[in-house]
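What follows is the residue order along each chain.
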Amino acid sequence: MAVGAIRPGGRTARVRAAVLRAAGDALVEHGFDRLDLADVARRAEVGKTTVYRRWGTVAGLVADLLTDMAEQSLPRADTGSLTGDLRANARLVQRTLVDPRQGALFRAVIVAATCDPRAAEALHHFYAVRIAEWAPCVEQAVRRAELPPGTDAAEVIRAVSAPLYYRLLVSGDPIDEAAADRAADAAVAAAHAGVYTTAGGPQPVR
């Protein structure tokens with residue numbers, strides 16, 4: 001083991017897990033504006049100096065919380081078809097957003113990202129990681145000739161989840177499995193039509 005390496009499952013890892021869990025609970029209960037490092041330390045049953053020394057600021061703590069969420073996210077599906085893969089992605093997003101804790105946590109983090117650059121950077125990194133995880137579904141579909149060459153895989157993945165986040169943050173419409181499947185099917189249809197090709201403009205529909 002390298003000098004200074006953190007031993008998996010060691011005290012440092014346990015402290016981080018406890019603090020991040022406490023931070024998530026506090027964020028859900030009070031929102032970003034009222035998140036307090038001393039309160040998080042109390043909830044996690046660790047010393048305040050430990051929290052201040054490691055995370056420094058509320059934004060730094062939220063950034064690490066998002067990093068942990070990205071690390072814990074489920075891997076992508078591989079159903080053998082683009083529609084199956086993107087429906088799996090949409091349903092994963094749907095389940096996350098309707099979960100009482102996870103949905104509230106995402107709302108709070110998105111609010112934080114609108115007013116704090118470090119939280120925004122962490123949120124952007126979280127979604128970049130998730131898009132990179134699922135983009136191979138689209139790349140494989142291009143290789144199978146399901147989609148036109150030059151299809152932008154990241155744009156297709158973004159198109160799957162965008163309608164679900166619209167429901168979460170704007171319209172308040174139900175985020176159910178039917179909505180998830182429609183979002184995935186719409187992204188597939190648009191991708192088939194060449195809407196997301198980097199060559200510019202839709203391809204002829206065959």
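A quick note: this is a predicted structure, and the numbers were derived from the prediction, not measured. Residue positions are counted from 1 within each chain, in the order its sequence is given. Only residues with pLDDT of at least 70 are given local features in this predicted model, and only at 80 or more are side-chain atom pairs given and counted; all residues enter the totals for whole chains, interfaces and linings. Side-chain figures throughout are based on the complete set of non-hydrogen atoms in the structure, without hydrogens or water.

## Re the overall build of the protein
Part 1 of the argument: A run of H or I in DSSP becomes a helix once it reaches four residues, and a run of E becomes a strand once it reaches two; helices and strands are each numbered from the N terminus. Each helix and strand in the protein was counted, giving nine helices and zero strands.
Part 2 of the argument: When its helices and strands are written in sequence order, the protein yields α-α-α-α-α-α-α-α-α.
Part 3 of the argument: For the protein, the spread of C-alpha atoms along the three principal axes comes to 65 × 45 × 25 Å.
Part 4 of the argument: Relative to its full complement of 206 residues, the protein shows a buried share of 45%.
Part 5 of the argument: Long-range contacts, defined here as pairs at least 24 residues apart, represent 64% of the contacts in the protein between residues at least 6 apart.
Part 6 of the argument: Only the protein chains shown count as cover for residues, with accessible areas throughout obtained via the Shrake-Rupley method and a probe of 1.4 Å. When the accessible surface of the protein is summed, it comes to about 10900 Å², and 54% of that surface belongs to carbon and sulfur atoms.
Part 7 of the argument: When charges are counted, Lys and Arg contribute as positive and Asp and Glu as negative, whereas His and the chain ends are disregarded. Throughout, a charge is located at the NZ atom of Lys, the CZ atom of Arg, the CG atom of Asp or the CD atom of Glu. Positive and negative side-chain charges in the protein, numbering 25 and 24 respectively, have mean positions lying 5 Å apart. Throughout, exposure labels follow a simple rule: accessible area from a 1.4 Å probe, protein chains only, divided by the maximum for the residue type, with under 20% read as buried, over 50% as exposed, and the rest as partly exposed. Should any heavy atoms of two residues lie within 4.5 Å, those residues are considered in contact.

## Quick word on the nonpolar core
Part 1 of the argument: The biggest cluster of nonpolar side chains holds 67 residues, and the ones touching the most others in it are Val19 and Leu86.
Part 2 of the argument: In terms of residue count, helix 7 (residues 117-143) provides more of this core than any other element does, 11 residues in total.
Part 3 of the argument: Sequence-distant contacts of Val19, that is, excluding residues within four places in its chain, are made with Val40, Ala44, Val46, Val51, Trp55 and Leu61. Nonpolar core, defined: a set of buried Ala, Val, Leu, Ile, Met, Phe, Trp, Tyr and Cys residues in which side-chain atoms within 4.5 Å join the residues together.

## Observations concerning unusual backbone geometry
Part 1 of the argument: Even without being glycine, Glu45 reaches a positive phi, approximately 60 degrees.
Part 2 of the argument: Residue Glu45 is classed as exposed on the basis of its relative accessible area, which comes to 74%.

## Structural notes on helix 1 (residues 11-30)
Part 1 of the argument: The span one expects for a helix is its residue count, reduced by one, times 1.5 Å. With 20 residues, helix 1 should cover 28 Å at 1.5 Å per step; its first-to-last C-alpha distance of 28 Å lies within 8% of that length.
Part 2 of the argument: Turning to helix 1, its buried residues are Val15, Arg16, Val19, Leu20, Ala22, Ala23, Gly24, Ala26 and Leu27.
Part 3 of the argument: Those residues of helix 1 hidden inside the fold are in contact with helix 2 (37-44), helix 3 (48-55), helix 4 (58-72) and helix 6 (100-115).
Part 4 of the argument: Looking one or two residues past helix 1, Gly31 carries a phi angle of roughly 85 degrees, positive in sign.

## Concerning the side chain of Arg130
Part 1 of the argument: Inspection of the secondary structure assignment puts Arg130 in helix 7.
Part 2 of the argument: In this structure Arg130 is buried but unpaired, with Glu133 as the nearest side chain of opposite charge at 4.7 Å.
Part 3 of the argument: Dropping the residues within four chain positions of it, Arg130 is found in contact with Ser73, Leu74 and Leu92. A pairing counts as a salt bridge when a side-chain nitrogen of Lys or Arg comes within 4 Å of a carboxyl oxygen of Asp or Glu.

## Concerning the confidence of the model for the protein
Part 1 of the argument: Here the protein averages 87 in pLDDT, and 92% of its residues register 70 or above.
Part 2 of the argument: Residue-level confidence of the predictor is what pLDDT reports, using numbers from 0 through 100. Summarising per-element confidence for the protein, the mean pLDDT is lowest in helix 4 (82) and highest in helix 9 (residues 177-192) (98).
Part 3 of the argument: Contacts for the low-pLDDT stretch residues 1-8, under 50 throughout, to residues beyond four places or in other chains number three contacts.
Part 4 of the argument: Segment residues 200-206: pLDDT under 50, and nine contacts once partners within four positions in sequence are set aside and those in other chains are kept.

## Quick notes on the side chain of Asn89
Part 1 of the argument: Within the secondary structure layout, Asn89 lies in helix 5 (residues 82-98).
Part 2 of the argument: Apart from residues no more than four positions distant in its own chain, Asn89 is found in contact with Trp134 and Val160.

## Comments concerning the UniProt feature "domain: HTH tetR-type" (unreviewed entry) in the protein
Part 1 of the argument: The sites that carry the UniProt feature "domain: HTH tetR-type" (unreviewed entry) are, in the present numbering, residues 13-73.
Part 2 of the argument: Taken end to end, residues 13-73 is 80% helix and 0% strand, and its two terminal C-alpha atoms sit 18 Å from one another. UniProt positions are given in the numbering used here, feature names are shortened, and annotations may be inferred rather than shown by experiment.

## Notes on helix 8 (residues 153-171)
Since the α-helix advances by 3.6 residues per turn, residues separated by three or four positions end up pointing in the same direction.
Part 1 of the argument: With 19 residues, helix 8 extends 27 Å from end C-alpha to end C-alpha; this agrees with the ideal 27 Å at 1.5 Å per step.
Part 2 of the argument: Of the positions making up helix 8, those classed as buried are Ala153, Ala154, Val156, Ile157, Ala159, Val160, Ser161, Leu164, Tyr165 and Leu168.
Part 3 of the argument: In this fold, the buried residues of helix 8 make contact with helix 5, helix 6, helix 7 and helix 9.
Part 4 of the argument: Residue Gly172 follows helix 8 closely and has a positive phi angle near 75 degrees.

## Regarding the packing of helix 6 against helix 7
What describes two packed helices is the angle between their axes and the distance between those same axes.
Part 1 of the argument: For every element, the axis is a line fit to its C-alpha atoms; helices are fit only across the contacting stretch, and the angle between N-to-C directions ranges from 0 to 180 degrees. Contact geometry for helix 6 and helix 7: axes closest at 6 Å, N-to-C directions at 125 degrees. Considering the angle they form, helix 6 stands oblique to helix 7. As helix 6 packs across helix 7, the resulting crossing turns out to be left-handed. Touching Phe106, Val109, Ile110, Ala112, Ala113 and Cys115 of helix 6 are Pro117, Ala119, Ala120, Leu123, Phe126 and Tyr127, all from helix 7.
Part 2 of the argument: Looking at side-chain class alone, the contact of helix 6 with helix 7 contains 12 nonpolar, no polar and no charged residues. Orientation labels follow simple angle bins: below 35 degrees gives roughly parallel, above 145 gives roughly antiparallel, 65 to 115 gives roughly perpendicular, and whatever is left gives oblique. Left-handed describes a crossing whose near helix is turned anticlockwise from the far helix by less than a right angle; the clockwise case is right-handed. When residues are sorted by character, Ala, Val, Leu, Ile, Met, Phe, Trp, Tyr, Cys and Pro go into the nonpolar class, Asp, Glu, Lys and Arg into the charged class, and all the rest, Gly among them, into the polar class.

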